[in-house]
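Listed here are the chains, written in short residue letters.
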Amino acid sequence: MPKNHKTKAQHIKNTWGRKCNNLVFISSKNDTTLGAIGFHLKESRRILWDKMKSGFEFVYQNYFNDTDWFLKGDDDS
């Protein structure tokens with residue numbers, strides 16, 4: 001979620017995310033500072049599957065052959 005880019009996702013990028021060969025954030029808005037890929041979907045739990053599906057398709061098309069495993073996390077708490 002864009003409002004959590006600086007308050008939550010940035011901390012992941014600056015800590016354990018540095019140990020990842022590929023770290024991709026999926027959001028509803030692009031953020032070049034964070035490295036978030038925006039799919040321009042509304043923020044809503046009703047379309048969470050659409051955003052997840054878009055994210056999985058993106059990493060499959062771009063990182064499948066270069067990555068051993070994937071971790072899906074979320075920023076809600």
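As the structure is a prediction and not an experimental result, all values here were calculated from the model. (Residues numbered from 1 in each chain as written. Predicted model: local features only at pLDDT ≥ 70, side-chain atom pairs only at ≥ 80, totals over all residues. Heavy atoms only, no water.)

**Q** Explain the side chain of Lys51 to me, please; I cannot follow it from the model alone.
**A** Note on placement: Lys51 falls in helix α2 (residues 48-63). Other than its neighbours up to four places away in sequence, Lys51 contacts Ile26, Ser27, Leu41 and Glu43. (Helix = DSSP H or I, 4+ residues; strand = E, 2+ residues; numbered from the N terminus. Contact = heavy atoms within 4.5 Å.)

**Q** Help me understand the side chain of His5 in this model?
**A** The topology assignment puts His5 in helix α1 (residues 5-14). A polar atom in the side chain of His5 sits 2.8 Å from the side chain of Asp31. (Polar contact = N/O pair within 3.5 Å; in protein donor to acceptor, adjacent residues only side chain to side chain.)

**Q** Can you help me understand the environment of Phe64 in this one?
**A** Relative to the assigned elements, Phe64 resides in the segment after α2. For Phe64, a relative accessible area of 43% translates into the label partly exposed. Those residues in contact with Phe64 that sit more than four places away from it in its chain are Val59 and Phe70. (Buried < 20%, exposed > 50% of the residue type's maximum accessible area, 1.4 Å probe, protein only.)

**Q** What am I meant to see in the layout of surface pockets here?
**A** Summary: where empty space remains is shown by rolling a probe the size of a single water molecule over the atoms. Roughly 1200 Å³ of internal volume is contained in the largest pocket. As for the largest pocket, its lining consists of 38 residues, and the residues nearest its centre are Val24, Ile26, Leu71, Lys72 and Gly73. Residue composition of the lining of the largest pocket, grouped by class: 18 nonpolar, nine polar and 11 charged. (1 Å grid on protein atoms, 1.4 Å probe; cavity = no way out; pocket = protein on both sides within 12 Å on 5 of 7 lines; lining within 4 Å. Points joined across faces, edges and corners; volume = space filled by probe spheres on them. Nonpolar A, V, L, I, M, F, W, Y, C, P; charged D, E, K, R; others polar.)

**Q** Just checking my understanding: could you explain the packing of aromatic side chains for this structure?
**A** Given two aromatic rings, their pairing is described by the distance between the two centres and the angle made by the two planes. A full pass over the atoms with the stated rule returns three aromatic pairs. Measuring from centroid to centroid gives 6.3 Å for Phe39 and Phe58, while their planes differ by 75°, and the two rings are edge-to-face. Highlighted residues: Phe39 in the loop between β2 (36-38) and α2 and Phe58 in helix α2, separated in sequence by 19 residues. Ring plane angle 50° and centroid distance 4.8 Å describe the contact between Tyr60 and Phe64, whose orientation is recorded as tilted. Its relative accessible area of 54% is what places Tyr60 among the exposed residues. (Phe/Tyr/Trp six-rings, centres within 6.5 Å; stacked < 30°, edge-to-face > 60°.)

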